[in-house]
Number of protein chains: 4
Amino acid sequence: MVTDPQRACFEAGIKFGSLYHQFAGTPVSPDSARSLERAMAEAIENQPYCESVTVRIDDDAVVEAIDHENGYAELTGRLMDVEMRIEYGGVAVRTRMEMEDGYPLMKLVGVDDDDGSETA
Amino acid sequence: MVTDPQRACFEAGIKFGSLYHQFAGTPVSPDSARSLERAMAEAIENQPYCESVTVRIDDDAVVEAIDHENGYAELTGRLMDVEMRIEYGGVAVRTRMEMEDGYPLMKLVGVDDDDGSETA
Amino acid sequence: MVTDPQRACFEAGIKFGSLYHQFAGTPVSPDSARSLERAMAEAIENQPYCESVTVRIDDDAVVEAIDHENGYAELTGRLMDVEMRIEYGGVAVRTRMEMEDGYPLMKLVGVDDDDGSETA
Amino acid sequence: MVTDPQRACFEAGIKFGSLYHQFAGTPVSPDSARSLERAMAEAIENQPYCESVTVRIDDDAVVEAIDHENGYAELTGRLMDVEMRIEYGGVAVRTRMEMEDGYPLMKLVGVDDDDGSETA
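Reading guide: rules and limits
By convention here, each chain's residues receive numbers from 1 onward along its written sequence. All chains are assigned letters beginning at A, and all ligands numbers beginning at 1, according to the order in which they are written. Where totals are concerned, whole chains, interfaces and linings use all residues; where local detail is concerned, this predicted model gives features only for residues with pLDDT of at least 70, and gives and counts side-chain atom pairs only at 80 or more. Hydrogens and water molecules were not included; the side-chain quantities draw on all heavy atoms of the structure. Numbered from the N terminus, helices here are DSSP runs of H or I no shorter than four residues, and strands are runs of E no shorter than two. The rule is simple: take the accessible area with a 1.4 Å probe, protein chains only, and divide by the maximum for that residue type; under 20% is buried, over 50% is exposed, in between is partly exposed. Whether two residues are in contact is decided by their heavy atoms: any pair within 4.5 Å suffices. Counted as a polar contact is a pair of N or O atoms within 3.5 Å, where, for protein atoms, one must be capable of donating a hydrogen and the other of accepting one, and residues adjacent in sequence contribute only when both atoms are in side chains. To line up the copies, we fit them by least squares on C-alpha atoms, keeping just the residues with pLDDT of at least 70 in both. pLDDT expresses how confident the predictor is about each individual residue, on a scale running from 0 to 100. By definition, two strands form a pair when at least two bridges between them are found by DSSP. Grid points spaced at 1 Å and placed over the protein atoms alone form the basis of the search, with a cavity being a set where a 1.4 Å probe fits but cannot get out and a pocket an open set showing protein on both sides within 12 Å along at least five of seven lines. Lining residues have an atom within 4 Å of a point. Grid points are joined across faces, edges and corners, and a volume is the space filled by probe spheres set on the points. Three categories are distinguished: nonpolar for Ala, Val, Leu, Ile, Met, Phe, Trp, Tyr, Cys and Pro, charged for Asp, Glu, Lys and Arg, and polar for the others, with Gly belonging to the last. Buried area: the accessible surface (1.4 Å probe) lost by two parts on joining, summed over both. For this analysis, a salt bridge means a side-chain nitrogen from Lys or Arg found within 4 Å of a carboxyl oxygen belonging to Asp or Glu. With axes taken as lines fitted to C-alpha atoms, and helix axes fitted only over the stretch in contact, angles between N-to-C directions fall between 0 and 180 degrees. Geometric relationships in this document are graded by angle, where less than 35 degrees denotes roughly parallel, more than 145 denotes roughly antiparallel, 65 to 115 denotes roughly perpendicular, and other angles denote oblique. Left-handed describes a crossing whose near helix is turned anticlockwise from the far helix by less than a right angle; the clockwise case is right-handed. Whether two aromatic rings pair depends on their centres lying within 6.5 Å, for rings of Phe, Tyr and Trp, where Trp uses its six-membered ring; planes under 30 degrees apart make the pair stacked, over 60 edge-to-face, and the rest tilted. For this analysis, a nonpolar core means a set of buried residues of the types Ala, Val, Leu, Ile, Met, Phe, Trp, Tyr and Cys, connected via side-chain atoms within 4.5 Å.

Caption draft 1: Up close: the overall build of chain A. Within chain A, the regular secondary structure consists of three helices and six strands. Mapped in sequence order, the helices and strands of chain A form the string α-β-α-β-α-β-β-β-β. Each principal axis of the C-alpha distribution contributes one length, and for chain A these read about 55 × 30 × 20 Å. For chain A, the residues scored as buried account for 53% of the 120 residues in total. Of the contacts made within chain A by residues no fewer than 6 positions apart, 55% connect residues no fewer than 24 positions apart.

Put into structure tokens, the structure is as follows:
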């Protein structure tokens with residue numbers, strides 16, 4: 001059978017892929033970054049087993065990515081940090097998207113059983 | 001040559017298609033509808049010649065569209081009304097997405113020259 | 001530490017969420033379904049650890065979902081079946097999206113260790 | 001009233017915005033570029049008044065955009081050329097997305113009345 005920690009990790013991945021591909025490409029500027037951060041978090045928190053989502057768009061990175069006179073960039077993983085907490089069957093999974101070697105990576109940070117044991 | 005009113009209408013269409021296909025499919029519930037409305041409007045207002053965008057998500061329609069125990073729906077044109085004002089070369093274009101015969105339609109409401117003449 | 005099976009399940013979830021939210025909302029008809037199936041599969045197979053993706057769009061469901069004179073529907077999980085095989089660290093994960101109780105669900109079908117043990 | 005050429009230009013813009021924001025962010029490599037080109041064209045050709053869509057993904061640009069060991073890029077306007085022909089009320093509109101000053105622009109190339117007069 002599939003274990004609860006495995007299922008919890010699968011659910012965590014679904015949320016990450018959903019958030020990224022739903023919102024990648026959204027026009028963003030420092031003026032609109034706050035509303036986008038909040039909408040992304042609240043939208044994905046609607047999904048099952050998703051306890052919390054935090055999205056931080058890096059205004060400096062956005063300004064650097066604005067490459068034309070229009071004054072906005074298209075959202076990519078390079079412009080934001082994302083943290084999520086997923087819970088399934090008493091297992092809590094912590095995930096994070098962050099830059100590594102210059103590329104955004106979706107990482108499985110920790111898988112915690114409800115007996116409090118910390119497996120990562 | 002392409003006239004300013006024609007170009008203004010082309011720009012108005014770009015904004016509408018962008019808003020719809022960027023955000024269609026976003027998980028939405030009455031609790032997350034307000035932040036999504038604001039993010040959609042502010043994101044598209046980043047685009048050139050886009051003076052104003054208003055998005056209203058119909059909470060009753062969302063609740064009706066929630067078709068599983070997960071408690072959320074995926075955003076579609078049936079769940080929202082959108083109004084936009086685009087300005088290009090002194091021409092103001094007003095557009096609206098609304099239900100007609102049971103289907104969401106993107107409509108060109110009016111094209112106004114800056115001499116104040118109302119052409120629609 | 002996070003185990004290889006857990007990481008493999010996380011990667012599998014990422015692919016599923018990516019496929020769904022990248023392509024949900026795409027205009028589709030029986031005439032365009034074959035090219036969309038192939039593009040979806042080949043696009044997601046680009047992602048790391050993704051061994052194979054199969055997408056089958058149900059033409060009958062598409063025809064039923066075409067609800068206006070325009071002659072097309074917007075892609076949703078109700079209109080397709082998806083199967084994926086992800087491999088990470090010698091662990092193979094099989095996933096499937098299928099209808100259950102009238103709703104599309106992303107399922108973890110099996111997690112196989114490379115010693116051939118079948119855990120689901 | 002809104003003129004047929006204005007409405008035709010509005011419809012042309014909708015198709016462009018739809019194509020761009022539906023498919024921007026799709027994982028792409030030279031191996032998957034052909035199926036994506038075809039799916040994008042056939043998907044948007046489903047939309048009303050859309051006579052023809054041609055999408056050309058630049059494999060060299062894709063290879064240049066592949067910036068990590070994963071071996072794929074995310075689709076953006078810099079990686080493709082798009083041409084569309086929209087017809088509404090006897091007016092044909094030709095549009096193109098191409099690079100200008102290093103940025104992808106959606107352009108209104110021509111608006112032709114059915115009396116054969118070429119207005120651009």
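Caption draft 2: Examining the environment of Arg-94 of chain A more closely. Residues and elements named next belong to chain A. Following the sequence through the fold, Arg-94 ends up in strand β5 (residues 91–100). Taking C-alpha positions, Arg-94 is 6.4 Å from Leu-108, a pair spaced 14 residues apart along the chain. In this structure the side chain of Arg-94 is engaged in a polar contact, spanning 3.5 Å, whose partner is the side chain of Asp-112.

Caption draft 3: Region of interest: the relation of the copies chain B and chain C. In the superposition of chain B on chain C (RMSD 0.0 Å, axial shift 0.0 Å), the rotation amounts to 180°. On the angle and the small slide along the axis, the relation comes out as a two-fold axis. Minimal C-alpha separation from the rotation axis in chain B is found for Gly-25 of chain B, amounting to 3.2 Å. With an isologous cut-off of 70% or more, the 100% of interface residues of chain B that recur at the interface of chain C puts this contact in the isologous class.

Caption draft 4: How the structure looks around the confidence of the model for chain A. With 93% of its residues at a pLDDT of 70 or more, chain A has an overall mean of 92. Overall fold confidence for the complex sits at a pTM of 0.94, while the interface term, ipTM, reaches 0.93.

Caption draft 5: Region of the structure containing the pairing of β5 of chain A. Residue and element names in this part refer to chain A. One ladder, built from seven bridges, connects strand β4 (residues 80–88) with β5; its direction is antiparallel. Directly across from Val-82, in β5, lies its bridge partner Met-97. In this structure, the hairpin formed by β4 and β5 is closed by a connection of two residues, where Gly-89 is found at a positive phi of approximately 55°. Alignment of β5 against strand β6 (residues 103–113), held across ten bridges, turns out to be antiparallel. Pairing of Glu-98 across the sheet is with Leu-105, part of β6. Following β5, the chain reverses through two residues before pairing antiparallel with β6; Asp-101 in that reversal takes a positive phi of roughly 50°.

Caption draft 6: Molecular detail of empty space enclosed by the protein. Applying the stated criterion across every chain yields a total of one cavity of 30 Å³ or more. In this structure, the largest cavity spans a volume of roughly 60 Å³. Considering the residues around the largest cavity, the lining is formed by His-21, Gln-22 and Ala-24 of chain A, His-21, Gln-22 and Ala-24 of chain B, His-21, Gln-22 and Ala-24 of chain C together with His-21, Gln-22 and Ala-24 of chain D. Every element with two or more residues in the lining of the largest cavity is listed here: α1 (4–23) of chain A, α1 (4–23) of chain B, α1 (4–23) of chain C together with α1 (4–23) of chain D. Split into classes, the residues belonging to the lining of the largest cavity amount to four nonpolar, eight polar and no charged.

Caption draft 7: Summary view of the interface of chain A and chain C. Taken together, the contact between chain A and chain C spans 23 residues of the former and 23 residues of the latter. Together, the buried faces of chain A and chain C total about 1,900 Å²; carbon and sulfur atoms form 67% of this surface. If you sort the residues of chain A by the area they bury against chain C, Gln-6, Phe-10 and His-21 of chain A come out on top, with a joint share of 33%. At the boundary of chain A and chain C, one finds zero salt bridges. Across the chain A-chain C interface, the total number found is four residue pairs in polar contact (both at pLDDT 80 or more).

Caption draft 8: Examining the packing of α1 of chain C against helix α2 (residues 30–44) of chain C more closely. All names here are of chain C. The interhelical angle for the contact between α1 and α2, taken along N-to-C directions, is 140°, at an axis separation of 10 Å. It follows that α1 is oblique to α2 by the angle criterion. Judged by the sense of rotation from one axis to the other, the crossing of α1 with α2 is right-handed. On the side of α1, the interface is formed by Lys-15, Ser-18, Leu-19 and Phe-23, while α2 contributes Leu-36, Ala-39, Met-40, Ala-43 and Ile-44. Among the residues making up the contact of α1 with α2, the classes are represented as seven nonpolar, one polar and one charged.

Caption draft 9: Here's a closer look at the sheet that holds β4 of chain A. All names here are of chain A. An order of β2-β4-β5-β6 is seen for the four strands of this open sheet, with the pairing classed as antiparallel. Whereas interior strands pair on both sides, the edge strands pair on one side only; in this sheet they are β2 (50–57) and β6. Geometrically, the sheet is characterised by an average inter-axis angle of 10° between neighbouring strands, direction not taken into account. Strands β2 and β4 of the sheet are contacted by helix α2 (residues 30–45), whose axis makes an angle of about 160° with β2.

Caption draft 10: Quick look at the interface of chain B and chain C. The partner chain C presents eleven residues to the eleven residues of chain B that form the contact. Counting each side, the surface lost to burial between chain B and chain C is near 910 Å², with a carbon and sulfur contribution of 48%. Taken as a group, Asp-67, Glu-74 and Tyr-103 of chain B account for 44% of the area that chain B buries against chain C, more than any other trio of residues on that side. In this structure, the connection of chain B to chain C is made through zero salt bridges. Each residue belonging to the side of chain B that touches chain C can be placed in one class, and the counts come to four nonpolar, three polar and four charged.

Caption draft 11: How the structure looks around the packing of aromatic side chains. Following the criterion strictly, the structure yields ten aromatic pairs over all chains and no others. Where Phe-16 of chain B meets Phe-10 of chain D, the ring centres are 6.4 Å apart and the plane angle is 80°; that geometry is what we call edge-to-face. Of this pair, Phe-16 of chain B sits in helix α1 while Phe-10 of chain D sits in helix α1, each in a different chain. Residue class for Phe-16 of chain B comes out buried when judged on its relative accessible area of 0%.

Caption draft 12: Here's a closer look at the nonpolar core. Counting residues in each nonpolar core, the largest one holds 152 residues, and the members touching the most others are Met-80 of chain A, Met-80 of chain B, Met-80 of chain C together with Met-80 of chain D. Ignoring any residue separated from it by four or fewer positions in sequence, one finds Met-80 of chain B in contact with Leu-19, Tyr-20, Met-40, Val-55, Arg-56, Ile-57, Leu-75 and Met-97 of chain B.

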